[in-house]
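# Architecture and fold: a report
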Amino acid sequence: MANTKLFKFEDLGENFAKFYRELGAGNSCSVFGVQNSMRPAMVSNIGKRVLYLTADGVTANFVKEQFELMGMKTSLFPAVQDSFLYKRAQSNEIYVNRTKTLFDILCKNFEVVVAPIEALFSFLPSIKDFSSHVLKLQEGQNIAIEEIESKLVEAG
């Protein structure tokens with residue numbers, strides 16, 4: 001975890017101190033009435049892995065950049081556009097980013113996952129299904145291209 005503590009919650013008043021204590025106890029918390037620009041700074045002080053939900057994709061991209069500027073390992077979990085009108089024009093980049101983020105979560109290779117709320121509405125595989133289809137390749141490894149194709153097709 002990056003050492004990005006910008007302040008002590010206790011110094012900001014009792015409400016902030018209570019928020020910090022609740023998080024330390026492992027309880028889920030939501031923050032209301034705090035300026036949007038202050039929220040990432042608050043999250044950077046928590047010292048635990050966090051799912052940061054936003055109202056939309058534009059805000060999610062902006063917040064992700066803020067966390068990265070603070071030196072935090074951040075993954076973006078974008079929403080999928082399910083409208084048939086967009087299917088032809090949509091690139092696979094969204095699916096690649098979603099898969100990468102799921103892999104980061106599986107490996108606990110993140111400090112913050114940023115997602116627009118609509119990203120959680122689409123189908124997500126179970127941890128067992130996802131992890132069973134992870135294909136690990138190593139430099140110098142010999143593997144038949146047909147085997148890779150077969151595993152990728154099986155994984156969808």
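That block above? That's the structure.
Reference entry: report on the structure contained in this document. (Residues numbered from 1 in each chain as written. Predicted model: local features only at pLDDT ≥ 70, side-chain atom pairs only at ≥ 80, totals over all residues. Heavy atoms only, no water.)

## Observations regarding the nonpolar core
Convention followed: In plain words, nonpolar cores are sets of buried Ala, Val, Leu, Ile, Met, Phe, Trp, Tyr and Cys residues tied together by side-chain atoms within 4.5 Å. Exposure is judged per residue with a 1.4 Å probe applied to protein chains only, and the accessible area is read against the type maximum: over 50% gives exposed, under 20% gives buried, and values in between give partly exposed. In this text, helices come from DSSP runs of H or I with a minimum length of four residues, and strands from runs of E with a minimum of two, each type numbered from the N-terminal end. For this analysis, residues touch if any pair of their heavy atoms sits within 4.5 Å.
Formed by 15 residues in total, the largest nonpolar core has its most connected members in V43, I46, Y52, F67, V112 and V114. Sorting the residues of this core by element identifies α1 (14-24), α2 (39-44), β1 (50-54), α3 (57-69) and β3 (112-116) as the ones contributing at least two each. Ranked by the residues each element gives to this core, the list is headed by α3, at three residues. If we ignore the near neighbours within four places in the chain, the residues touching V112 are V43, V50, Y52, F67, M72, K73, T74 and S75. Residues A79, F110, A115 and A119 belong to the second largest nonpolar core, which totals six residues.

## Side note on the side chain of S75
For the record, the criterion: By the criterion applied in these results, polar contacts are pairs of N or O atoms within 3.5 Å in which, for protein atoms, one can donate a hydrogen and the other can accept it, and in which residues neighboring in sequence qualify only through two side-chain atoms.
Mapped onto the elements, S75 comes out in strand β2 (residues 74-76). Looking at S75, the relative accessible area reads 2%, which means it is buried. At 2.7 Å, the side chain of S75 forms a polar contact with the side chain of D104. Setting aside residues no more than four positions away along its own chain, S75 makes contact with K100, T101, D104, F110, V112, V113 and V114.

## As for the packing of aromatic side chains
Cut-off, in case you're wondering: Pairing of aromatic rings covers Phe, Tyr and the six-membered ring of Trp, with a centre-to-centre limit of 6.5 Å; geometry is then stacked below 30 degrees between planes, edge-to-face above 60, and tilted otherwise. Placement of a positive charge over a ring is assigned whenever Lys NZ or Arg CZ falls within 6 Å of the ring centre and within 35 degrees of the normal to the ring plane.
As enumerated under the stated definition, the model contains one aromatic pair in all. Relative to F67, the ring of Y52 has its centre 5.4 Å away and its plane inclined at 80 degrees; by these criteria the two rings are edge-to-face. Of this pair, Y52 sits in strand β1 while F67 sits in helix α3, and the two are 15 residues apart along the sequence. A cation over an aromatic ring shows up here: R49 above the ring of F110, its NZ or CZ 5.6 Å from the ring centre.

## Structural notes on the pairing of β3
Regular strands place their side chains on alternate faces of the sheet. Condition: Strands are labelled as partners when DSSP assigns at least two bridges between them.
A large share of β3 lies buried, amounting to five of its five residues. Neither face of β3 is exposed, since V112, V114 and P116 on one face and V113 and A115 on the opposite face are all buried. Pairing geometry for β1 and β3, over five bridges, is parallel. Note on β3: the bridge partner recorded for Y52 is V114. Here β2 runs beside β3; their pairing, made up of three bridges, is parallel. Note on β3: the bridge partner recorded for S75 is V113.

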